[in-house]
Each structure stands twice: as structure tokens, then as C-alpha cells.
Amino acid sequence: MAIRIKDNVFTLQTKNSTYQMKADDKGILLHTYYGKKTDETDYSYMISMADRGFSGNIYEAREDRTYSLDFLPQEFPVCGSGDYRVDCLHADLGEGVNDCLMFFDSYRTYPGKYSLEGLPAMFASQEEADTLEILLKDNQEEVYLHLLYGVYENYDIITRAAVIENRTDREVRLSRVLSACLDMDHDGMDLIHFYGRHAGEREMERISLFHGITELRSTRGTSSHQHNPFVILADKNTTEEEGNCYGCSLLYSGGFHMQAEVDQFHQTRLVMGMDDSDFTWSLLPGESFVTPEAAFAFSSQGLARLSHCYHDGFQGSLIRSSWKNKRRPILVNNWEATYFDFNGDKLLKIAKEAAELELDMLVLDDGWFGKRDNDDSGLGDWFVNEKKLGCSLKELVDQVNGMGLMFGLWFEPEMISEDSDLYRNHPEWAMVVPGRKPIKGRAQLVLDMTRKDVLDYVKERLFSIMDSANIQYIKWDMNRSVAAAYSALLPRERQGELRHRYVLGLYEVLEELLQRYPDLLLEGCSGGGGRFDAGMLYYAPQIWCSDNTDAIERLNIQYGTSFGYPMSSVSAHVSVCPNHQNGRVTPFKTRGICAMQGTFGYELDLSRMTEAEKEEAREQIHTFKERYRLFQFGDYYRITSPLENRDFTAWEYADKDGTEAYLGVIYTDLHGNPAAQSVKFRGLLPEGRYQMWKDKEPAGIYTGAALMNGGILLPVPVENYDSCQIYVRLEE
Ligand code: DGJ
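About the criteria used
- Residues numbered from 1 in each chain as written.
- Predicted model: local features only at pLDDT ≥ 70, side-chain atom pairs only at ≥ 80, totals over all residues.
- Heavy atoms only, no water.
- Pairing = 2+ DSSP bridges.
- Helix = DSSP H or I, 4+ residues; strand = E, 2+ residues; numbered from the N terminus.
- Axes fitted to C-alpha atoms, helices over the stretch in contact; angles between N-to-C directions.
- Contact = heavy atoms within 4.5 Å.
- Near = heavy atom within 4 Å.
- Polar contact = N/O pair within 3.5 Å; in protein donor to acceptor, adjacent residues only side chain to side chain.
- Areas by Shrake-Rupley, 256 points an atom, 1.4 Å probe, with all protein chains shown as cover.
- Nonpolar A, V, L, I, M, F, W, Y, C, P; charged D, E, K, R; others polar.
- Buried < 20%, exposed > 50% of the residue type's maximum accessible area, 1.4 Å probe, protein only.
- Salt bridge = Lys/Arg side-chain N within 4 Å of Asp/Glu carboxyl O.
- Lys, Arg positive; Asp, Glu negative; His and termini not counted.
- Expected span 1.5 Å × (residues − 1).
- Bend = angle between axes of the 7 residues up to and from the residue.
- Phe/Tyr/Trp six-rings, centres within 6.5 Å; stacked < 30°, edge-to-face > 60°.
- Lys NZ or Arg CZ within 6 Å of the ring centre and 35° of its normal.

**Q** Describe the sheet that holds strand 36 (residues 689–694), with residues and values.
**A** The sheet built from six strands is open, its strands ordered 32-33-34-39-36-37 with antiparallel pairing. Pairing within the sheet leaves two strands with one partner each, and these edge strands are strand 32 (635–638) and strand 37 (697–703). The average angle at which neighbouring strand axes cross in this sheet is 20 degrees, direction not considered. Note: strand 36 against strand 39 (residues 723–730), five bridges, orientation antiparallel. Directly across from Trp693, in strand 39, lies its bridge partner Tyr727. Seen against the sheet, helix 11 (residues 588–595) touches strand 33 (648–654), strand 34 (660–667) and strand 39 and runs at an angle of roughly 50 degrees to strand 39. Contacts between helix 12 (residues 611–633) and the sheet are confined to strand 32, strand 33, strand 34 and strand 39, with strand 34 contributing the most and set at about 100 degrees to the helix.

**Q** Let's hear about the site of the ligand: which residues, and what values?
**A** If you check the shell around the ligand, you find 13 residues, and the closest are Asp365, Asp366, Lys475, Asp477 and Asp547. Asp365 places a polar side-chain atom, nitrogen or oxygen, 2.6 Å from an oxygen atom of the ligand. Separating an oxygen atom of the ligand from a backbone N or O atom of Gly528 is a distance of 2.8 Å. Within the complex, the protein chains bury 98% of what would otherwise be the 290 Å² of accessible surface of the ligand. Of the residues in the shell around the ligand, the class split is four nonpolar, three polar and six charged.

**Q** Any chance you could break down the pairing of strand 39 for me, citing the residues and the numbers?
**A** Within strand 39, six of the eight residues are buried, leaving the element largely enclosed by the surrounding structure. Bridge count for strand 34 against strand 39 is seven bridges, and the pairing is antiparallel. Across the sheet, residue Tyr662 finds its bridge partner in strand 39, namely Tyr727.

**Q** Can you explain the pattern of salt bridges? Please cite residues and give values.
**A** Counted according to the given criterion, the structure contains 58 salt bridges. We note a salt bridge from Lys22 to Asp42, for which the minimum N-O separation is 2.7 Å. Of this pair, Lys22 sits in strand 3 (residues 17–23) while Asp42 sits in the loop between strand 4 (29–36) and strand 5 (89–92), and the two are 20 residues apart along the sequence. You can call Lys22 buried: its relative accessible area is 17%. When the shortest N-O distance is used, the salt bridge between Asp419 and Arg424 registers 3.1 Å.

**Q** Describe the side chain of Asp381, listing the residues and the values that go with them.
**A** Positionally, Asp381 belongs in the loop between strand 22 (361–364) and helix 4 (386–389). No salt bridge is formed by the buried Asp381, whose closest oppositely charged neighbour, Arg424, lies at an N-O distance of 4.9 Å. Apart from residues lying up to four places away in sequence, Asp381 is in contact with Phe369, Gly370, Ser420, Asp421, Leu422 and Tyr457.

**Q** Would you mind going over helix 12 in detail, with residue names and values included?
**A** The terminal C-alpha atoms of helix 12 lie 33 Å apart, and with 23 residues this matches the ideal 33 Å at 1.5 Å per residue to within 8%. When the local axis directions of helix 12 are compared, the greatest deviation, roughly 65 degrees, occurs at Arg627. Taken together, the buried positions of helix 12 are Lys614, Ala617, Gln620, Ile621, Thr623, Phe624, Arg627, Tyr628, Leu630, Phe631 and Gln632.

**Q** Summarise unusual backbone geometry; cite the residues concerned and give the values.
**A** Of note, the bond from Cys577 into Pro578 is cis; its omega dihedral lies within 30 degrees of zero at -5 degrees. On the secondary structure map, Pro578 appears in the loop between strand 30 (574–575) and helix 11. One non-glycine residue, Asp156, lies in positive phi territory at about 55 degrees. Despite not being glycine, Arg202 shows a phi value in the positive range, around 50 degrees. Along the chain, the position of Arg202 falls in strand 12 (residues 200–208). Residue Arg202 is classed as buried on the basis of its relative accessible area, which comes to 2%.

**Q** Break down the packing of aromatic side chains for me, with residues and values.
**A** Counted under the stated rule, the structure contains 43 aromatic pairs. With a centroid separation of 5.1 Å and an interplanar angle of 75 degrees, the aromatic rings of Trp368 and Phe369 are classed as edge-to-face. In this structure Trp368 comes out as buried when scored by relative accessible area, which is 0%. The exposure class assigned to Phe369 is buried, which follows from its relative accessible area of 0%. Taken together, Phe194, Phe230, Tyr310, Phe314, Phe532, Tyr559, Phe563 and Tyr565 form an aromatic cluster joined through their ring pairs. One Lys or Arg, Lys137, reaches over the ring of Tyr144 and ends 5.9 Å from the middle of that ring. Over the face of the ring belonging to Tyr727 we find Arg627, whose NZ or CZ atom lies 3.5 Å from the ring centre.

On their own, these measurements won't tell you what the molecule is for.
Following this line, the structure appears as C-alpha cells:
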């Protein structure tokens, strides 16, 4: 077992990291170590105790004025304890103030991984992970806090979640419950985070933390385009290849809150959890509140290794789809090909071309239901528009299947248009404050996913469409932020529960959908990548990464996404040029190479492609099918950063045993009389001899040592946004 316990010191050992905490003689659960793998020494000897001015002492410390939670490192700091730093819990136990103090009560361990009712969580067999559950109790009231730890030895991942249990006979009011805290004994760290906007998600930014609080949050009801619930704390000198870094990923698809505070004694604290801006929760006697899970990883070998922990951990123990180990279908989606302007014939024409190119699937996007010829109407009316299709959905799907293609369908189940039969019949199903004008987004309103009748309707519609035809894939979209939300069924004093209850409602539908159709391939989407989070990955093994399909802007977006999410989850398509989002023209080849960084597919009218483009597409499809094992299961390396290298971006997939590797290169600038450009491979066997191909042309034999230390010269680009693919394989 990866969990060692001695004298109330809890040491969690993974392959390369150690995490330690201690219930001290007062019963406070201190955080004593997280970092490079070490032994089970009680590291609390590193905590310096002193009588510090204006740092109050808990009563249990008696005359000891050196004991203060104002500076002690803790596992789950709470409000009202004399700790003035950012904390995890604000609970009113009945006195009208947020005042509780949690003391060690007991613990238990078991092989395997805990699960969280109604919420996504990493899973494991009994051999793959161990669970530690520490029970804390308020010093006066029967209010308990279960701290859950899942230890994944092989992935170097430690998951955390908390459960608050009200065993009193009164209501406990919660106004902030975050998932986890990480206290470090030093400052001078960098925060790496991923901000953005619609069509420009997850731009990586690295900043120095300062004395004070840095915070990131989404108050939008979704994890959002603007900030991502994944952050990294890194030492100043940490690079892709070297140095210490800690990742924290929240498995939650609603709003979130991350704070990083450097305190008066130069210590750093990170807290992460669900958005608490409008949050309140009434916890009645006998009830429990479960937080979303946070997944921590540590690497002493730089950022690439940290990403591999998440890539492997999520791929192995979060993504549970039956598709996770299969090659994902190469699909063509009709959105950018037709937008709302399609009929059955047009779709079949695209399907025919797709079949000829040996693609795997046709996805019918927005506009196939209700009255939906633009984005002003129809959401909620999930009834097939047979007039528009010219046939029933089954007839269309059967024809597509008959061509040897699978069929996928777009839904946006959480939404309702004012101009819809659903709204005309059930205006109260929209989350609108009574008597006030709603905030609209893309002209639509949000369905009240906290209501059982709404969930029943959504499920009934989804399941009945699913049962009507052979649908093997669903793209689950969500095209606005939640604003001024109100639920007609929640009493006024419980409206603060709405946003979390909404997410629980969403998860309930997703869970039932997958239970009912276990082989369904679900693709997440929210106006592109507005809900690209680890919570969603539990249901959807792939997520549409961005509505921006320009190959050059995608380099930034996919670069940022790669830090915390497996590339097999990054949905990416070849689209038409000039690009619909920014008007840029890039070579067809480059668009293919960029899409192969992720799941790969097409989003254009195949029937309007030139013969040369079709030839190129055949080549791309062949390459993807041939190399998908590398792309889906290999180790991903960010060879250059598009934010730093203005000339080209390169990335690599290396087989885990170093037998083969693929390097993608896209040039982002051109120069007269250009300087030589080179890159170094990673993840090869130094003594191995590798045969190299540049764009399929044999390009010599090199040792792994040469490729990794000397590197290779890149071909000189011959046109704007040129690109190349380099493949190496151990000599037979
Ligand atoms: C937003 C998605 O990101 C697009 O790919 C497309 O599905 C549209 N919605 C359809 O309305």
C-alpha cells in the first residue's frame, strides 16, 4: 500500500513523489511535505514555531503562544480559526458567523479509489490506487469533515476531495467549500495558468506570485473559456525538462475558484474548488455535502513530466469511455461546411466524399431539429425536422451507414430558445428571475437543470432520438454563460445552491446517457473549448478544443491545452481557407498536421475540395490511421513554445518504449536569407539507431543520442505557414 501511517503521521508514496501530513498533539491536521520522493521521516520538524505578533492562538494551545494557525501549514484551513489566509471552508454552524475548527478524529485506509456521489472522479482497481480517509470534527458541534485522498502510485497523482457531514439537529449553512489546499514553506514560485476567450482558449501565462493573493475564477456557471480549472505552481528555474512543479486540476465543469497566496512569512498557499461567489448551501441534519475532486501531481523533472502524469492518469483512470483505447473515428462535421443551410441531399453528398476518402463518420451539427435555420430559435424542440432533411433521421442514418460510415449528432440539451414550442409550453423551465428581463446569450436562455421535470424531458428527448436511429456519437454543446440565474422551485434562501445543483443535474443526465448507451462516443463542447475540464473528460473522452479552426491560432490553443489534458482529448479538425474565424490562408497540409496534434477530422464541404486537396487528405488520413497509437498513447513533448518561438512550433509524440517518434513542425514566419533552424528529439533510446523520414522521404540513420543531443536541422520553409512531419523508428 502506498499509504504509510505512524504516530498520526500519514505519508503517501507515489513512484516519484511523497506527500505527508500529520495530526499534531492538538489534533490539527498539518501539511508537512509534498515534493520529490523521500522517506517517512516526520517532516513536521521543519515547521518553525514562534510567538508571532497578531497571530492568534487556538484555545487548545493553552499557554503556548508559539502555536498559531495563522502560519501553520494545513490540509484544510477553515474560516474562523485565526488563520487569515485564503481557506477552504466557511460554515455557519448556527451562530450566524462562519466559525468552526476541525480536529482530528480518526482515519481509515482501503485499497482502490473512493468515488464521489453524483460527481466525476478518477477511478481505479484495488491494485492501481489506495484511499486514505481522514475524519475531522468540529471542536464543539457534531459537524464532521471527511478528507479523502486517492493515491495513484504509478501516475504520481494524488486526488483530494472533502465531504462535510452534518450530524447535528440544526441546519449548517455553507458559503464556501473548496476541494483542497496545498501549503508550501517557501515563496518565489511561478503560477502557470491558462486564460482565454471564445475562439482563443487556454493561452498559457507564467507569472511570479507576489505577497498577496492571486486569484482565478469562473463565475459563468461553466469552467469557461476565460480561465481553466488547471494550474501549475513551478519553481522559477523550472523548464520543460527540469525542475519542480505541482499541478492542480479540478474535476468540475461549473464555475471554479483558485487562489494562490504568499503570506507574511513567505509561505505559499494554493486553494482550489468550486466557485463560491454566489454560493450558499443549506446542509440539513443528517445531510452531507461533497466537493468536486482535485487532482494533484508533482514532477521534479519539469513540465513535460508533469503533463505526462496528467495525460497518463486521465487517459488510464478518468476517461472511462469504451472508446478510450480504440482509435477514435476520423469524422467530418458539417458545421463549417453548411452551417444551418443543409438538407439530406447535401449531407449525403458530403458523406459520399467522406466514404471515398475512407473517413469513419459523418457528424450532423446544429440545425436538424425544430425550427432551427439560424441561432435565434428552436433550442429545446428536440424533434427531427424531417421536412428539412427530406427524410426521417433513421433513413438518413441508414444511408450514411450504408456507405460504410458511422453517424454522429449534435445536441445542446441545456438550452431553450424563447422562440420554441418548449418555451411556449414551459416558460418556467428557463432560469429567469421572475418579473425581470433575462440576460440572453446567443439569443438563448438556459434550462433549469436543477429541476427533475426538466431533466426528465431532456433525457426523454435524448433517449428517444438515440433509439430512433443508429447514432454512435453525440457532440454535447453549450453556447452561453449562465447569468442572473433563478430557479422557480428553489426557495429564495436557497438560490445560492442553484449553480452547483445545475452541474449536478448535467452530470446526472450525462451519467444516465452513458449507462444507457455505453458504446456512445461523447464529444464535449461549449462554443468550442468553454468547458474543457477534467470533470467533463470523465464523460466525454474528447472535447472540441476551440471554435477557432485556424491552424496557426490553434497552435497556441493546443499548446496551452496540452499541459493538463491528454492530446487524445483535444478535438481538432481541418477546415477550409480562408479560415472562417480569422480569414487566414494556410496550406492544406499544414491544417492536417495541426489537426493531427489532436483527434483529427474534417470540418469542410468535402464535395468542394480540389483533386489536389483530396489527394493530400488521403495522405493525411493514411498517416493518422498508421500513427494513431503514437498520437493516442505516446508521450507528448512540447518541443518549442508558440509563445516564445515566433518562427516555428514543434511538438513530438514518442512511443513509451522509445521505439518510434513523430515530430510535427509548423512554420509561423518566413525570412529572406534564413538562419538554420533545428530541434532536438526527446524520449528516444540514446543507444538506439533510428531510421528517419522527413515528409515520408528517407532522411538518414541517427543514434537516439544524436537526435536528442545534437538534434536535427529542419527543412527550410518554402511558403507561408509551411510545415513538415518527421518520423523516426528504431532500425529493425
Ligand atoms: C458551437 C460549436 O463550438 C460549433 O462547433 C458548432 O457546433 C456550433 N456551436 C453550432 O451551433
